[in-house]
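Structural overview
The chain contents come next:
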Amino acid sequence: MSNFDEYIEKVRDYLKGKTIKEYDCPSSVDALYQGMPVQVGPGSNPGIILRSDTFAELGNPAEGSTGFILWTEDPSRVHDGRISLIGPDITELEGSSQPFGQVIMLGGQKLNPALQDKIEEYQHISDHLEGYMVRSSSRSIWGRISRKAAAKGFDLQTLGRALMIVMKSGIPEIESMEIVFVTSSKSDIQELDTIAETVESIRKDIIKEYWKEKGYDLECDLDCNSCNYRETCDDIKDILRTRNRMERAQSAEE
């Protein structure tokens, strides 16, 4: 049983009794690209979205937000391509600021604690998605959608498909991926955040244990998005990944 399996079931329980819009997207990255109203990929976002250029805002601190990732080694626990939305979509939110929740669930037989850091790097993809800007910390997600992107048809299915494209492209170990978005109410976000609080503690333990095995005893809040030493940590990760690739190649030759 994976570390997060219990919390995938808690998310399922959270969804029960709520009004949900469901979208079933294709599994393959190529198929996910088809029909996207905005660009997806490195450099797709030109920069900051000013308030005057904002169509809708999600997760402003005054409204509340929460976000987390769950993964399991059992792909069947995750409905591949499923996007569930509780609350209004972007098209209904012009000029407003809404609470925001985002839960990403991943399944793959080869997913493991060594991939935790890499998985989290893809949780917020504003630099890979046209018309979307996000500020984030470990659990909060504060996003803006530009007027131009909204005019092109940007909605939460667009965001979900973009997350699937970027994560599946970057992490081939992902076999199934499902996303839940919540824009309904502050109380719904607070309810979801009770799950996020425990998940946050588990992810920190996973990262600490992994790096401890590598000889690094981390003493930080493990929020890489706001860390002053992120560049140094990224360099260490690159070195370790290169070494692991070399070791695997050497083993294959033997």
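A few points on the structure. (Residues numbered from 1 in each chain as written. Predicted model: local features only at pLDDT ≥ 70, side-chain atom pairs only at ≥ 80, totals over all residues. Heavy atoms only, no water.)

When its secondary structure is counted, the chain shows seven helices and nine strands. Sorting the 254 residues of the chain into buried and exposed places 49% on the buried side. A fraction of 86% describes how many contacts in the chain between residues 6 or more apart in sequence connect residues 24 or more apart. In the form shown here, the chain has an accessible surface area of approximately 12,500 Å², with 46% of it arising from carbon and sulfur atoms. (Helix = DSSP H or I, 4+ residues; strand = E, 2+ residues; numbered from the N terminus. Buried < 20%, exposed > 50% of the residue type's maximum accessible area, 1.4 Å probe, protein only. Contact = heavy atoms within 4.5 Å. Areas by Shrake-Rupley, 256 points an atom, 1.4 Å probe, with all protein chains shown as cover.)

Attention now moves to the pattern of salt bridges. Counting across every chain of the model gives 17 salt bridges. Of the charged contacts in the structure, one is a salt bridge between Glu92 and Lys21, with a shortest N-O distance of 3.2 Å. With Glu92 in the loop between strand S4 (82-86) and strand S5 (97-98) and Lys21 in strand S1 (residues 21-24), this pair connects stretches of sequence that are 71 residues apart. Its relative accessible area of 36% is what places Lys21 among the partly exposed residues. With a closest N to O distance of 2.6 Å, Glu130 and Lys152 form a salt bridge. Highlighted residues: Glu130 in the loop between helix H3 (116-121) and strand S7 (132-136) and Lys152 in helix H4 (residues 147-152), separated in sequence by 22 residues. Overlapping salt bridges, with partners in common, bring together Asp5, Glu9, Asp74 and Arg77 in one network. (Salt bridge = Lys/Arg side-chain N within 4 Å of Asp/Glu carboxyl O.)

Along the chain, the position of Glu6 falls in helix H1 (residues 5-15). A residue is classified by how much of its surface remains accessible, and Glu6, at 41% relative accessible area, is partly exposed. Taking the C-alpha atoms as reference points, Glu6 and Leu70, 64 residues apart in sequence, are found 9.8 Å from one another.

This brings us to the sheet that holds strand S3 (residues 65-72). Across the sheet, which stays open at both edges, the five strands sit in the order S1-S4-S9-S6-S3 with mixed pairing between neighbours. At either end of the open sheet lies a strand with only one pairing partner, and these are S1 and S3. Across the sheet, the axes of successive neighbouring strands diverge by a mean angle of 10 degrees, strand direction being ignored. Taken together, the seven bridges between strand S6 (residues 100-107) and strand S9 (residues 176-182) define a ladder with antiparallel strand orientation. Bridged to Met105 within S9 is Glu178. In the packing of H1 onto the sheet, the strands contacted are S3, S4, S6 and S9, and the crossing angle to S3 comes to about 130 degrees. The strands that helix H5 (residues 156-170) touches are S1, S3, S4, S6 and S9; relative to S9, the one it contacts most, it runs at about 145 degrees. (Pairing = 2+ DSSP bridges. Axes fitted to C-alpha atoms, helices over the stretch in contact; angles between N-to-C directions.)

Glancing now at the side chain of Asn45. Considering the arrangement of structural elements, one finds Asn45 in the loop between helix H2 (29-33) and strand S2 (54-58). Residue Asn45 is classed as buried on the basis of its relative accessible area, which comes to 14%. Separated by 2.4 Å, the side chain of Asn45 and the backbone oxygen of Tyr132 make a polar contact. Those residues within four positions of Asn45 in sequence are excluded, and the remaining contacts are Ser126, Asp127, Leu129, Glu130, Tyr132 and Met133. (Polar contact = N/O pair within 3.5 Å; in protein donor to acceptor, adjacent residues only side chain to side chain.)

Further remarks concern the nonpolar core. Leu70 and Leu106 are the most contacted members of the largest nonpolar core, which totals 65 residues. The greatest single-element share of this core, amounting to eight residues, is contributed by H5. Apart from the residues within four sequence positions on either side, Leu106 is in contact with Ile69, Leu70, Trp71, Thr72, Val78, Leu111, Ile119, Met167, Ile174, Ser176 and Met177. (Core = buried A, V, L, I, M, F, W, Y, C linked by side-chain atoms within 4.5 Å.)

To continue, consider the packing of aromatic side chains. One pass over the structure, following the stated rule, counts three aromatic pairs. Judged by centre distance (5.9 Å) and plane angle (75 degrees), the ring pair of Phe4 and Trp71 falls under edge-to-face. One end of the pair, Phe4, is in the segment before H1; the other, Trp71, is in strand S3, and 67 residues separate them in sequence. Consider the rings of Tyr132 and Phe154, whose centres lie 6.1 Å apart with planes at 25 degrees: the pair is stacked. With Tyr132 in strand S7 and Phe154 in the loop between H4 and H5, this residue pair connects regions lying 22 residues apart in the sequence. Across the pair, exposure class does not vary: Tyr132 and Phe154 are buried alike. Above the ring of Tyr14, the side-chain terminus of Lys18 is found at 4.1 Å from the ring centroid. Taking the ring centre of Trp142 as reference, the NZ or CZ of Arg135 above it sits at 4.8 Å. (Phe/Tyr/Trp six-rings, centres within 6.5 Å; stacked < 30°, edge-to-face > 60°. Lys NZ or Arg CZ within 6 Å of the ring centre and 35° of its normal.)

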